[in-house]
Amino acid sequence: MEQIVRKNGLLYTPDLHTVLGVDIEAGEFTGRVPFGAHYIDEEVFTECPYEKIDLPDSVVGIGAALFKDSPDLKTVRLPEKVTELPPYLFSGCTSLTKVKMPNVVYDFPEGLFQNCSSLADIPFRAGIKELPSFVFSGCTSLVSLVIPPTVERIKENAASGCTKLTTLVLPVSLKELDPLAFEDCPNIRNIRISEDNPIFYVSEEDGCLYERTATGDKLRLSVAGAQATTAGLIKENVDDEADPEIEAFYTDEDILEEDDDFSAEVSGDDVAEQAVAQEAEEEEEEKSFHTGAVSNEELANLFGNEAEPEEEDEIAAVTVKITDSKTQAILDSVEFSCVIECEPQGEPPADADLFVIAEMTEGEGDARAFTPKLDAVVRRFAQIKDFKRIFMLYGLPVDNDEFMEFYKLYVSNRNVVFACQAANAATLSDYGRKICEYSRIDLGAAALTEQKSNVRVKNSELIKLIIQDIK
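Please read these numbers as outputs of a predicted model, since none were measured by experiment.

## Topic: helix 6 (residues 401-411)
Every α-helix carries 3.6 residues per turn, so stepping three or four residues along brings you back to the same face.
Okay, step 1: Buried within helix 6 we find F403, M404, Y407, K408, Y410 and V411. When helix 6 is viewed along its axis, its buried side chains cluster within an angular range of 170° and face the same direction. Facing away from the buried side of helix 6 by more than 90 degrees, the exposed set consists of D401 and E402.
Okay, step 2: Looking at the buried side of helix 6, the elements it contacts are strand 10 (144-146), helix 4 (325-333), strand 19 (353-358), strand 21 (415-420), helix 7 (430-439) and strand 22 (464-468).
Okay, step 3: In this structure N400 caps helix 6, since a side-chain oxygen of it lies 3.2 Å from the backbone nitrogen of E402.

## Considerations on the side chain of S160
Okay, step 1: Positionally, S160 belongs in the loop between strand 11 (153-154) and strand 12 (167-170).
Okay, step 2: Judged by relative accessible area, which is 7%, S160 ranks as buried.
Okay, step 3: A polar contact is formed between the side chain of S160 and the side chain of S137, at a distance of 3.0 Å.
Okay, step 4: Look past the residues within four positions of S160 in its chain and what remains in contact with it is F136, S137, G138, A181, F182, E183 and C185.

## Quick look at the nonpolar core
As a rule of thumb, nonpolar side chains are buried together in soluble globular proteins.
Okay, step 1: Of all hydrophobic cores here, the largest spans 68 residues; its most connected members are F45, F67, F90, F108, F113 and F182.
Okay, step 2: Elements that contribute at least two residues to this core include exactly strand 2 (10-12), strand 3 (18-22), strand 12, strand 14 (190-193), strand 15 (200-202) and strand 16 (209-213).
Okay, step 3: Once you skip the residues sitting within four places of it in the chain, F45 turns out to touch V22, F29, V33, I40, I53, L55, L66, F67 and S70.
Okay, step 4: If you look at the next biggest cluster of nonpolar residues, it comprises 31 residues, including I330, I357, F403 and Y438.

## Here's the deal with the pairing of strand 3
Okay, step 1: Burial analysis of strand 3 places four of its five residues in the buried class, which makes it a mostly covered element.
Okay, step 2: Pairing of strand 2 with strand 3 involves three bridges; the strand directions are antiparallel. Across the sheet, residue L10 finds its bridge partner in strand 3, namely V22.
Okay, step 3: Judged from the two bridges that link them, strand 3 and strand 4 (residues 39-40) form a sheet pairing that is parallel. Directly across from V19, in strand 4, lies its bridge partner I40.

Calculation notes
- Residues numbered from 1 in each chain as written.
- Predicted model: local features only at pLDDT ≥ 70, side-chain atom pairs only at ≥ 80, totals over all residues.
- Heavy atoms only, no water.
- Buried < 20%, exposed > 50% of the residue type's maximum accessible area, 1.4 Å probe, protein only.
- Helix = DSSP H or I, 4+ residues; strand = E, 2+ residues; numbered from the N terminus.
- Arc of directions from axis to C-beta.
- Contact = heavy atoms within 4.5 Å.
- Polar contact = N/O pair within 3.5 Å; in protein donor to acceptor, adjacent residues only side chain to side chain.
- Core = buried A, V, L, I, M, F, W, Y, C linked by side-chain atoms within 4.5 Å.
- Pairing = 2+ DSSP bridges.

Here's what the structure looks like:
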């Protein structure tokens, strides 16, 4: 029988190169494997009680089902030198939210993220050519899925049971799609694929995916409600007149209608007087910004006041030095941006930044600015939520696939507001749809309605919201 060495709460081979298991009796293991091990044996951390596991860069190989069925596991760091991932590596890790992947991974194996029901983003790596069976099956937190441009084949049940998946972007490289690849994904509404793909296309009539074959075009993937309505390339499959809940954007009119005491016909002077009166009351109501709901009247006045924010506002625009290289990369990539530094009155949330993507600006050159109304709205959001900074962005390079993949991963767990000119999801521009897709803004009526309520209270929920920005 091979001798086992106990060290650092782990079980090793005598040369300390292979981790064979966790020394449960010692109870010393904290989730971090010390540097020096070369290989982690299969199923070492199966059904483990740890929330975080960190594997050192000395490791060059890991065994199958290494973290399988670990319901408490939330984050994992994989070694940089591991380029081949074993099957069912994270299968059944229902709390998993983040995986630090190596820079180079040649393939995604079968069942890699099966039933990872809390994973909202797939950490893809360039070069993957196939999505095998059950690789994302049961990932019920996935709302949008953008498949890398190198993938050529998607196998049976690759993403089956992704019940919240609404947007699917397929690569121009796609050559083979199994009919059951997206089995039991009932809420897919938007399918996109480049017109340059010679095999597959999305019909402008019904929004469904078809394959060109020698015997005629064949339906390969339907969108929700396709039989009852006509859908464009990324058009909501909901008739706005039949379903009034689709009018779920934050709009001036929407907010005004919620407040019986505010008239849409009030003059500019009257609005200013109301704003002054409200300012006198804000000290008494300040506590509500941090502990409870913000009144509809406050939001009504906010949207109705066309004036620039007053200079004495507690949230002031200043020149801010950005130390985060990824945030700076985004600021450098857009056409126009500015940063507003805030002064939280309460405890800031874990993510204390708000990214605002604007569809329009005012002025040109050095005089360019965001609309006063948008400026006022996002400042109030920051005040309610105790944000530290607001990043105002215009002109994201949505046609740059590499940048947008980076942007999608970066903002997936960050607060994002998209300020558009459309009144509802059906009238969004193509640019707006791309921004929502990559920002993980759910265009479903229920989700938008929930987000409208979310921005009115101080809580830990991320903001993923659309507001209508009109002059």
